[in-house]
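Spelled out from the first residue to the last, the chains are:
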Amino acid sequence: MGRESSERPTYTILAIITLKKERILGGSQLALWAENEEQQKTMTQDIAKAMKADVVKMKNGDYLIIRV
Amino acid sequence: MKENIISTDHLIIIVTATIVGTMARALTIKEDFRQYPTYPNGYLIHLVTGFVAASLGAVAIPALMTKNFVAVTFLALAIQQFRDVRKAEKESLKDLENTESAYRGDAYIDGIAKTFEARNYFALIVSFTTALTIQLVDSKFISINVMSGTITGLIVLYVIKRFSKGKTLGDIADVKEGKIEVRESELFVDGIFVSNLLGTENAANMFQKEGLAVVIIPREEHFRIALDHYGQRQAALFEATRAVGVKRYHFTRKEYEKGKIVITLVPIIKDVNKLIEAVKKTPVLESVKKSHSVMDTNLFGRE
């Protein structure tokens, strides 16, 4: 995996959409706080569509928007 | 004035050898399922370089026969020219990388470029042996000279074509359709985790409904090394995307327990047989190949 991770494609995290404010710790990516799950899904989809990006749903409920 | 003009015998040698050599290049331009090079310009470029290679091979024997030994050094020029063909091919394919559905990868590009270089040597060797045969036969009937030269050239072409023919993934592994399963936002194929990039419901539904997957299973334990190579998997993925197109998403994943490789995507044309065929016909890259029998030998270096 180490070798593979150094190969293209490289991923860039564009945004993180979370339901918990305390998980917004900074970084270069856009970090957004959603009030509820419905809003979180809509925000994620809107950004992903606009940026033509992929979405990862993390086990803790946060969404990551990443682009190859 | 007339002694400065090339003799008829030599002219026959040069023309026959050049035609047979160029024909050898023309016969080795493939338009197969990989669709490369398909375009008229691609054909023309390779036919012309093949013609140049064949001409160089054809004039070597007449040059020697007229004691023009220095002229044979132009074969060194040929080598340089072929290397340039390889370089040009490599640059051209690398330039296209960002426009393809999936990357070919450096290992695959290197393999393709080497093949193009090698095929110019085909033209050179075939035309050289054709010329040599005509010179050796040296019959008073032109037709016998031409026929013998052409036949020898074609036999040589057949032999070197067989010699340079590589293996494909279908020779070393079984390729079967895989069962796609989406658990929440995670994608599994035949129970093998592939990706968690299906974070939205749309993505999960799309993959579940339209996704295609194949699993590559190595026939022998040592074939796992070749299949595990990132460049090799990238090449297989590229061929898969080329064959059925990509609507969205394409992934490749390896499984360590049995060395299975998963290739999965959402295709434009949902035809699993086409996908299996494309993966099976992906060449085993030269840079990946390891000779298993050589690894086993115990000739030197071990007590």
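Placed above this text is the structure.
Presented here is an overview of the structure given in this document. Since this is a predicted model, take the numbers as computed values, not measurements.

A few words now on the overall build of chain A. Across its full length, chain A carries two helices and four strands. For chain A, the N- to C-terminal ordering of α and β elements is α-β-β-α-β-β. Burial status across chain A gives 31% buried among its 68 residues. Of all intrachain contacts in chain A linking residues separated by at least 6 positions in sequence, the fraction that spans at least 24 positions is 36%. Just so you have it, chain A exposes about 4,500 Å², and 54% of that area is on carbon and sulfur atoms.

Moving on to helix α9 (residues 230–244) of chain B. Residues and elements named next belong to chain B. Relative to the 21 Å expected for 15 residues at 1.5 Å per residue, α9 spans 21 Å between its end C-alpha atoms, a close match to the ideal helical length. Of all 15 residues making up α9, 14 are buried, and the element is well covered by its neighbours. Backbone geometry just after α9 places G245 at a positive phi near 75°.

Residue and element names in this part refer to chain B. One pass over the full model with this rule turns up six aromatic pairs over all chains. Look at F82 and Y121: their rings are 4.8 Å apart centre to centre, the planes differ by 80°, and that puts the pair in the edge-to-face class. Here the residue F82 occupies a position in helix α3 (residues 74–96), and Y121 occupies one in helix α4 (residues 106–137), the gap between them amounting to 39 residues. Judged by its relative accessible area of 0%, F82 falls in the buried class.

Here we take up the sheet that holds strand β7 (residues 261–266) of chain B. Residue and element names in this part refer to chain B. Within the open sheet, the four strands sit side by side as β1-β5-β7-β6. Their pairing is antiparallel. The open sheet has two edge strands with one neighbour each: β1 (173–177) and β6 (248–254). In this sheet, neighbouring strand axes are inclined to one another by 15° on average, regardless of whether the strands run parallel or antiparallel. Direction of pairing for β1 relative to strand β5 (residues 212–218): antiparallel, over a ladder of five bridges. Following the sheet pairing, D174 is matched in β5 by I217. Sitting on the sheet, helix α7 (residues 201–210) touches β5, β6 and β7, and the angle it makes with β7 is about 110°.

To continue, consider the interface of chain B and chain A. The interface of chain B with chain A comprises 20 residues on the first partner and 16 residues on the second. Between chain B and chain A, roughly 1,500 Å² of surface is buried when both sides are summed, and carbon and sulfur atoms account for 46% of that area. Area buried by chain B at its contact with chain A is led by Y103, L197 and Y230 of chain B, which between them contribute 37% of it. For the interface between chain B and chain A, the tally reads three salt bridges.

What follows is about the side chain of R104 of chain B. All names here are of chain B. Mapped onto the elements, R104 comes out in the loop between α3 and α4. Since its relative accessible area comes to 2%, R104 is described here as buried. A distance of 3.5 Å separates the side chain of R104 from the side chain of E100, its partner in a polar contact.

The subject of this paragraph is the sheet that holds strand β3 (residues 186–189) of chain B. All names here are of chain B. The strand order β2-β3-β4 describes an open sheet built from three strands, whose pairing is antiparallel. Strand pairing shows two members of the sheet lacking a second neighbour, β2 (180–183) and β4 (192–195), which therefore form its edges. Each strand axis lies, on average, 35° off the axis of its neighbour in the sheet, ignoring direction. As paired strands, β3 and β4 are joined by three bridges and run antiparallel to one another. When the bridges of β4 are listed, F188 appears paired with F193. Set on the sheet, α7 makes contact with β2 and β3; between it and β2 the angle comes to about 160°.

Residues and elements named next belong to chain B. Look at helix α1 (residues 8–27) against α4: their axes get within 8 Å of each other, and the N-to-C directions meet at 150°. If you check the angle between α1 and α4, you find them roughly antiparallel. Crossing angle aside, the handedness with which α1 passes α4 is right-handed. In this structure, α1 contributes H10, I13, T16, A17, V20, G21, A24 and R25 to the contact, and α4 contributes F116, R119, N120, A123, V126, S127, T130, A131, I134 and Q135. Each residue belonging to the contact of α1 with α4 can be placed in one class, and the counts come to nine nonpolar, seven polar and two charged.

As a further point, take empty space enclosed by the protein. All names here are of chain B. Within the structure shown, the criterion is met by one cavity of 30 Å³ or more. Roughly 40 Å³ of internal volume is contained in the largest cavity. In this structure, the largest cavity is lined by A107, D110, G111, K114, L285, E286 and S287.

Residue and element names in this part refer to chain B. When you line up the elements, K179 lands in the loop between β1 and β2. Note: C-alpha distance between K179 and G231 (52 residues apart in sequence) is 25 Å. Setting aside residues up to four positions removed in sequence, K179 forms contacts with F188, V189 and D190.

So, about the packing of α1 of chain B against helix α2 (residues 40–65) of chain B. Residue and element names in this part refer to chain B. Here α1 crosses α2 at 150°, and the two axes come no closer than 8 Å. Classed by the angle they form, the pair α1 and α2 counts as roughly antiparallel. The hand of the α1/α2 crossing is right-handed. Across from H10, I13, I14, A17, T18, G21, T22, R25 and A26 in α1, the residues of α2 making contact are H46, L47, G50, F51, A54, S55, A58, V59, P62 and M65.

Here is what the cut-offs are and how they apply
Residues numbered from 1 in each chain as written. Chains lettered and ligands numbered in written order. Predicted model: local features only at pLDDT ≥ 70, side-chain atom pairs only at ≥ 80, totals over all residues. Heavy atoms only, no water. Helix = DSSP H or I, 4+ residues; strand = E, 2+ residues; numbered from the N terminus. Buried < 20%, exposed > 50% of the residue type's maximum accessible area, 1.4 Å probe, protein only. Contact = heavy atoms within 4.5 Å. Areas by Shrake-Rupley, 256 points an atom, 1.4 Å probe, with all protein chains shown as cover. Expected span 1.5 Å × (residues − 1). Phe/Tyr/Trp six-rings, centres within 6.5 Å; stacked < 30°, edge-to-face > 60°. Pairing = 2+ DSSP bridges. Axes fitted to C-alpha atoms, helices over the stretch in contact; angles between N-to-C directions. Buried area = accessible area lost by both parts, 1.4 Å probe. Salt bridge = Lys/Arg side-chain N within 4 Å of Asp/Glu carboxyl O. Polar contact = N/O pair within 3.5 Å; in protein donor to acceptor, adjacent residues only side chain to side chain. Parallel < 35°, antiparallel > 145°, perpendicular 65-115°, else oblique. Left-handed = near helix turned anticlockwise from the far one by under 90°. Nonpolar A, V, L, I, M, F, W, Y, C, P; charged D, E, K, R; others polar. 1 Å grid on protein atoms, 1.4 Å probe; cavity = no way out; pocket = protein on both sides within 12 Å on 5 of 7 lines; lining within 4 Å. Points joined across faces, edges and corners; volume = space filled by probe spheres on them.

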